[in-house]
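Here are the chains, one letter per residue:
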Amino acid sequence: MIAGNLYNADICRLMQIDIITVAPELLESPFSHSIMKRAQDKGLLAVRTHNLREWAINKHGQVDDYQYGGGAGMVMMCEPLANAIEHLQKTTTYDEIIYMTPDGKTFNQQTANQLSMKENLLIICGHYKGIDQRIRDLYVTLEISIGDYVLSGGELAAAVVVDSIGRLIPGVLNDETSALFDSFQDNLLAPPVYTRPAEFKGQKVPDILLTGHPVKIEDWRHEQSVQKTTERRPDILRD
Ligand code: ADE
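Residues numbered from 1 in each chain as written. Predicted model: local features only at pLDDT ≥ 70, side-chain atom pairs only at ≥ 80, totals over all residues. Heavy atoms only, no water.

1. Structural notes on the sheet that holds strand β2 (residues 45–51)
Spatially, five strands are ordered β2-β1-β6-β5-β7 in an open sheet, and the strand pairing comes out parallel. For this open sheet the edge positions go to β2 and β7 (142–145), each flanked by a neighbour on one side alone. Between one strand and the next, the sheet's axes are offset by a mean angle of 30 degrees, whatever the strand orientation. Two elements, strand β1 (residues 15–21) and strand β6 (residues 120–125), share five bridges in a ladder whose sense is parallel. Counterpart to Asp-18 in the pairing with β6 is Leu-122. Helix α3 (residues 109–116) rests against β1, β5 (96–106), β6 and β7 of the sheet, and its axis sits at about 175 degrees to β5. (Pairing = 2+ DSSP bridges. Helix = DSSP H or I, 4+ residues; strand = E, 2+ residues; numbered from the N terminus. Axes fitted to C-alpha atoms, helices over the stretch in contact; angles between N-to-C directions. Contact = heavy atoms within 4.5 Å.)

Structure (structure tokens):
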């Protein structure tokens, strides 16, 4: 199912996304350009980063410690995380508290659609060996992985998630219907697209796209989508 909000371009509201991180610098650039910048400039999206070290347990900025039971790698401690989360909860009620982790639920367009309908999200970026399990048990409502590989921290993963959600917020894209035709909406990969010139290095734009016949063009695009999805991603293809 395609998210209902994609159709309701007239309902404009602010989505607030708070991100707890030990590396706020990593999140500066992804939200300062292009569509994410436009979303914030239009007052449709507010992304705020919070440096976990503000809640460090000592003046050295400590937020992690050795793991019980031994083993390599540090674990992000309960106290700074709990204090950061509870501080933010004083002024905001979160629809989801998300922890970015490679052992979370694999992110996809359906989850992006669902999250784009929320109002307030809190994202926790892990580092080192991850965060103390008790924070996951006590506060986290959703654990997200962006794929079966391990990043050095959750920040880049959080940027991916926020970008994919942000562009779905009504009013963010210029031509709102364009999100409807993204790959994965309706479980199909997007069809090929062409722009000028009509011929490049002997390769011609398919004739059908030059006919100006909207119904035939739509049918052709759908066929192309089905063919591409069958070849590349039969796992997502619906009957
Ligand atoms: N942190 C480290 N690796 C990650 C991944 N694959 N997805 C989400 N968060 C992560």
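2. Re the environment of Ile-57
Relative to the helices and strands, Ile-57 is located in the loop between β2 and β3 (64–66). You can call Ile-57 partly exposed: its relative accessible area is 38%. Setting aside residues up to four positions removed in sequence, Ile-57 forms contacts with Gln-62, Met-77, Glu-79 and Pro-80. (Buried < 20%, exposed > 50% of the residue type's maximum accessible area, 1.4 Å probe, protein only.)

3. Thoughts on the environment of Met-36
By the element assignment, Met-36 lies in helix α1 (residues 34–41). For Met-36, a relative accessible area of 1% corresponds to the buried category. Expressed as a C-alpha distance, the spacing of Met-36 and Val-215, which sit 179 residues apart in the sequence, is 33 Å.

4. Some details on unusual backbone geometry
Backbone torsion omega between Arg-196 and Pro-197 reads 5 degrees, so that peptide bond is classified as cis. Within the secondary structure layout, Pro-197 lies in the loop between α5 (155–166) and β8 (199–200). Of note in the backbone geometry, Asn-187 takes a positive phi value of approximately 60 degrees without being a glycine. As for its position among the elements, Asn-187 is in the loop between α5 and β8. Phi at Lys-201 takes a positive value of approximately 50 degrees, unusual for a residue other than glycine. When you line up the elements, Lys-201 lands in the loop between β8 and β9 (203–204).

5. A short note on the site of the ligand
In the region of the ligand, 13 residues are neighbours, and Thr-101, Ile-146, Gly-147, Tyr-149 and Leu-151 sit closest. Within the contact set of the ligand, a nitrogen atom lies 3.0 Å away from a backbone nitrogen or oxygen of Ile-146. Tyr-149 is positioned such that a nitrogen or oxygen atom in its backbone is 2.8 Å from a nitrogen atom of the ligand. Contact with the protein chains hides 96% of the accessible area of the ligand, taken as 260 Å² for the molecule alone. Counting residues per element, the ones that place at least two in the shell around the ligand are β5 and β7. Broken down by element, the residue count for the shell around the ligand peaks at three residues, all from β5. Here the residues of the shell around the ligand sort into eight nonpolar, five polar and no charged. (Near = heavy atom within 4 Å. Polar contact = N/O pair within 3.5 Å; in protein donor to acceptor, adjacent residues only side chain to side chain. Areas by Shrake-Rupley, 256 points an atom, 1.4 Å probe, with all protein chains shown as cover. Nonpolar A, V, L, I, M, F, W, Y, C, P; charged D, E, K, R; others polar.)

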